[in-house]
Structure formats: C-alpha cells, structure tokens
Amino acid sequence: MSVREKESDVERRPPPERGPRRRRITDEHGRHVRGWELALRYLLLLAVLALTVGPFLWQLSTSLKGPTEDIFSSPPKFLPGDPTLHNYKRVADTIPVWDYAFNSLKVAGANVVTNCVGSALAGYALARLRYRGRRVATLVFILAMLVPVEGIIIAQFTTMRELGLNNTLIGVVLPGCIGAMNVLLMRNAFLNLPYEIEEAAFVDGANTWQRFLRIALPAVKGTLAVVAIFAFMGAWDDFLWPLIVLSDPSKFTLTIGLNYLHGTFANDERLVAAGTVIAVAPLIALFACLQRYFFRGVGEGAVKG
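Remember, it's a predicted structure, so these values are computed and weren't measured experimentally. (Residues numbered from 1 in each chain as written. Predicted model: local features only at pLDDT ≥ 70, side-chain atom pairs only at ≥ 80, totals over all residues. Heavy atoms only, no water.)

## Some thoughts on the packing of helix H4 (residues 97–127) against helix H8 (residues 180–191)
Then, in step 1: Between H4 and H8, the least distance of the axes is 7 Å, while the angle of their chain directions is 50°. Considering the angle they form, H4 stands oblique to H8. The two elements H4 and H8 cross, and the hand of that crossing is right-handed. Along its contact with H4, which presents Asn115, Ser119, Ala120, Ala122, Gly123, Tyr124, Leu126 and Ala127, the element H8 presents Asn182, Val183, Met186, Arg187, Phe190 and Leu191.
Then, in step 2: Residue composition of the contact of H4 with H8, by class: nine nonpolar, four polar and one charged. (Axes fitted to C-alpha atoms, helices over the stretch in contact; angles between N-to-C directions. Helix = DSSP H or I, 4+ residues; strand = E, 2+ residues; numbered from the N terminus. Parallel < 35°, antiparallel > 145°, perpendicular 65-115°, else oblique. Left-handed = near helix turned anticlockwise from the far one by under 90°. Contact = heavy atoms within 4.5 Å. Nonpolar A, V, L, I, M, F, W, Y, C, P; charged D, E, K, R; others polar.)

Next up, the structure:
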C-alpha cells in the first residue's frame, strides 16, 4: 500500500468515539475546584451553620415542648412530640413582656432613625465636601471605634445624670444615636459613587442639599439598610447600658425583663426558651425584609484598606 493510499484510508476512518465529558467544577473566578476541596468547603459551612443556627433551633424546639416532655433526654429529642404555644402565654402572664418589647421597639426605632440620618449626613460630609480638617475628622471616627464601651460607660452615666435623663428612654438612646462604624460605612459608600454624576448636577445648578438628597442618597440605599440593621440589632440586644440607666420597671427594655425571667424561673427551661424566641423573632423579621439591600450594601460600604 502506497503512502497516498494510507493517508486516504486514515481520512476515511471515523473519529474515535469519546466518552461523555466530565463537568468541571469552577469557583467564581473560573478556577478548577477539586472534589475533595468542594466537599471540605461544604463540611465547614455545615459546621458553621450548626454552631450559629443550631442553638436557636434548639431553643425554638424547647419553647414548643409541653410540660410532660423530657427536654434532658439522652439522646436528645429535637422535634417536640406534642407542640404547644402555652409557654409563650406563660411568659406573658409572668412578666409584662409586650410592654418591655414596646419599650425596646421605641428605643430601637429611634436608634435606627438617628443613625441613618446622622451617619448619612456625616458620611457625605467626610466623602464629598472639601474643608480643612476633613482627614482629622475621619481619623477621629476611626479612633472612636477603638474605645471600648466599658471604658466610657461611667462618663456616659454621669453625663445623663447631669442632663436629667436618667431613668428615661431618651437616656438609653442618646449615647448610641450615631455610631462611628456606621459613619465610616456611609463615607465609603459615598466615595464609591462616580463624582461625575454630582458634577453634572452642579453644572445644572443643584446645590449641596439637592445633590445629597436626590443623587447621592438614593444610590446608597443598600448601605442605609446595613446601617439600619446594625443600629436596630445593637439597640434591641443592648443589656448593660439600659440596666445602668433605667430603674423604673415600667421602662425596662426586653433584654432586662427577660433577664429577670431567667433569674426567677431558671429551672423552667421552657419558659426561658420561649422568652428568648420572642426576643430574637423581630431581628429575624427585620433581616428577612432587608436582606436584599443588606448584601448589596455590604459591598457598597466596605472599608477599603
């Protein structure tokens, strides 16, 4: 067989059949991820999920168990055999939990409003306005984050007493009405906005307030949602400062009232679990409503090195 016949024979042969291509697993950057690496990532995520969500789910399960169920059985029984809401009614009968929750809601709502308004104004001033001492002001906010609350709580209490705001909800709100971290989040969110947009508005005759309200602020709604969530959580979960500044039981916040429940009925784990779920439920509802803006806002206001 000549060389030409061999070449033509090779051309006539059908190409060898290949098996199905294995699907490559890649990360967000398009890099190949091995199977054991992917399995390890999921194992770590499941471990973190168990450590963070597991205690809350156990408290929820305990709060739904009746008085005849053994909550200390071995192995532990996660799902209640006969779910009941009687424990939540017992919490309301034992302490004025809804009055305490309303006080916490007033404090948290005021804290959200003051932080969103104050942080937006301060962040815009630090990011966009040109004035002497702007870098020093930014440095002051950064240093304020390094001061522990326990180191200034006595000075805060003395200030509230001199102002006559002890034993008032205003005294609870005032020290945390504008957080340094929230100001820096808003500052970085405004810095990430293209300056050309505001320059075009300036050419059209818009003043500073108009540029802030109509252009800059609507563009950072995600970061505002982050600030709102952080402010609400900080005010709702705060225990030490309301305990120090409040003495009238009718003005107690929910965290102080639930601590009284735990101290008085520490042996009744079902009652304590029901109170814990009542305290955590508003935070879950708030995050569920704002999660779409939250994850977008984390990127908008991320602090860059």
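## Comments concerning the nonpolar core
Soluble globular proteins: nonpolar side chains tend toward being buried together.
Then, in step 1: Counting 47 residues, the largest nonpolar core has Val91, Ile95, Met186, Phe190, Trp236 and Leu254 as its most contacted members.
Then, in step 2: Element by element, the count of residues in this core is highest for H4, at ten residues.
Then, in step 3: Among all residues touching Leu254, those that are not within four sequence positions of it are Val97, Tyr100, Ala101, Ser104, Trp236, Ile278 and Ala279. (Core = buried A, V, L, I, M, F, W, Y, C linked by side-chain atoms within 4.5 Å. Buried < 20%, exposed > 50% of the residue type's maximum accessible area, 1.4 Å probe, protein only.)

## Section: a nonpolar patch on the surface
Then, in step 1: On the surface, a nonpolar cluster with roughly 660 Å² of combined accessible area is contributed by Leu43, Leu46, Leu49, Val53, Leu57, Phe78 and Leu79.
Then, in step 2: Along the chain, the position of Phe78 falls in the loop between helix H2 (35–63) and helix H3 (86–94).
Then, in step 3: Judged by relative accessible area, which is 41%, Phe78 ranks as partly exposed. (Patch = residues over 30% accessible without salt bridge, like charges linked within 9 Å, V, L, I, M, F, W, Y side chains within 5 Å. Areas by Shrake-Rupley, 256 points an atom, 1.4 Å probe, with all protein chains shown as cover. Salt bridge = Lys/Arg side-chain N within 4 Å of Asp/Glu carboxyl O.)

## Some points on the environment of Thr276
Then, in step 1: Locating Thr276 in the fold gives a position in helix H14 (residues 269–300).
Then, in step 2: Expressed as a C-alpha distance, the spacing of Thr276 and Phe56, which sit 220 residues apart in the sequence, is 8.7 Å.

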